[in-house]
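Tertiary structure, described
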Amino acid sequence: MSDQHKFVLASGSPRRLALLSQIGIEPDRLLPADVDESPLRAEHPRSLARRLSRLKAEKIAHELRNDPDFSGAYIMAADTVVAVGRRILPKAEILDDAAACLRLLSGRSHRVYTGLCLITPQGKQRQDLIETRVRFKRLSREELESYLASGEWRGKAGGYAIQGLAGGFVVKLVGSYSNVVGLPLYETASLLHGEGYPVYANWQSSGH
Ligand SMILES: Cc1cn([C@H]2C[C@H](O)[C@@H](COP(=O)(O)OP(=O)(O)OP(=O)(O)O)O2)c(=O)[nH]c1=O
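Residues numbered from 1 in each chain as written. Predicted model: local features only at pLDDT ≥ 70, side-chain atom pairs only at ≥ 80, totals over all residues. Heavy atoms only, no water.

**Points about the overall build of the protein chain**
Note the cut-off: Only runs of H or I of at least four residues qualify as helices and only runs of E of at least two qualify as strands under DSSP, and these elements are numbered from the N terminus. Radius of gyration: C-alpha atoms only; globule rule: 2.2 Å multiplied by the number of residues to the exponent 0.38. Throughout, exposure labels follow a simple rule: accessible area from a 1.4 Å probe, protein chains only, divided by the maximum for the residue type, with under 20% read as buried, over 50% as exposed, and the rest as partly exposed. By definition in these notes, contact holds between two residues if any of their heavy atoms fall within 4.5 Å. What sets the accessible areas is the Shrake-Rupley method with a 1.4 Å probe; for residues, cover comes only from the shown protein chains. None of His or the chain ends enter the tally, which takes Lys and Arg as positive and Asp and Glu as negative. By convention, the charge on Lys lies at NZ, on Arg at CZ, on Asp at CG and on Glu at CD.
From N to C terminus, the protein chain includes seven helices and seven strands. Moving toward the C terminus, one meets the helices and strands of the protein chain in the order β-α-β-α-β-β-α-β-β-α-β-α-α-α. Against the compact-globule benchmark of 17 Å for 208 residues, the protein chain has a radius of gyration of 18 Å, which places it among compact chains. Taken along its principal axes, the extent of the C-alpha atoms in the protein chain is 55 × 45 × 25 Å. A burial count over the protein chain gives 47% of its 208 residues as buried. Taking all contacts inside the protein chain whose residues are at least 6 apart in sequence as the whole, residues at least 24 apart take part in 69%. When the accessible surface of the protein chain is totalled, it reaches about 10400 Å², and 48% of it is carbon and sulfur. Looking at charge distribution, the protein chain has the averaged site of its 28 positive side-chain charges lying 8 Å from that of its 23 negative ones.

Following this line, the structure appears as structure tokens:
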């Protein structure tokens, strides 16, 4: 693959890497972008997801600007935010965060937003914002406690991971499933393809 097609994923998330790999894209480099993820005052969840994905991509583009191997790379970043109405749920780091999130999500619908930001080799910036609606069953005390004991909530926006045990709580999902896990695959492929990245180049022999 020529230098023109180098691809950098501005992320430290193994889930995003696995999702990209599912559509045959293997980044040439993985660079987590450490940015302040706190929402601004009264910031809408969709604005937060857009802003943070842009910040992550811009930070890595800045870091790579003098790197001869990667200064002309495609750089992609994403940010996933879980919200109930305008209320933004935290990325659960401690048990209390996760318990509060799950109590809020129990028996109702919420939205998961992922902001995508792509910086092209020409320095053009393209963004997208994808929204998925998810409805959870009403959680019994036993379900809540068992889920908390599993630890799967750790580091996850909204205190759950749909790709794991919490998949059993989902009554209804409208929109992109991969968006909830952290990287909407259809929109990612479209964005890259639209900007000239050879998304389908490796499909023939990749075994997908
Ligand atoms: C709702 C939900 C979130 N998540 C994860 C996806 C994201 O990794 C995380 C949201 O946090 P993000 O800030 O979007 O991502 P991150 O900090 O893990 O990775 P990076 O910024 O380096 O790319 O929550 C799941 O894995 N499953 C789910 O069902």
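So that's the structure; there's more coming.
**Remarks on the layout of surface pockets**
This is how the line gets drawn: As defined here, a cavity is a set of points on a 1 Å grid over the protein atoms alone where a 1.4 Å probe fits but cannot get out. A pocket is an open set with protein on both sides within 12 Å along at least five of seven lines, and residues line them when an atom is within 4 Å of a point. Grid points are joined across faces, edges and corners, and a volume is the space filled by probe spheres set on the points. Nonpolar residues are Ala, Val, Leu, Ile, Met, Phe, Trp, Tyr, Cys and Pro. Charged residues are Asp, Glu, Lys and Arg, and all others, Gly as well, are polar.
Here the largest pocket is characterised by a volume of approximately 440 Å³. For the lining of the largest pocket, the secondary-structure elements that each account for two or more residues are α1 (14-22), β3 (74-84) and α5 (177-181). Looking at the lining of the largest pocket, the element that brings in the most residues is β3, giving three residues. Of the residues in the lining of the largest pocket, the class split is eleven nonpolar, seven polar and eight charged. Lining the second largest pocket are 14 residues, with Glu37, Leu48, Ile88, Leu89 and Lys91 positioned closest to its centre. Among the secondary structure elements, those contributing two or more residues to the lining of the second largest pocket are α2 (45-63) and β3. In terms of residue count, the dominant contributor to the lining of the second largest pocket is β3 (four residues).

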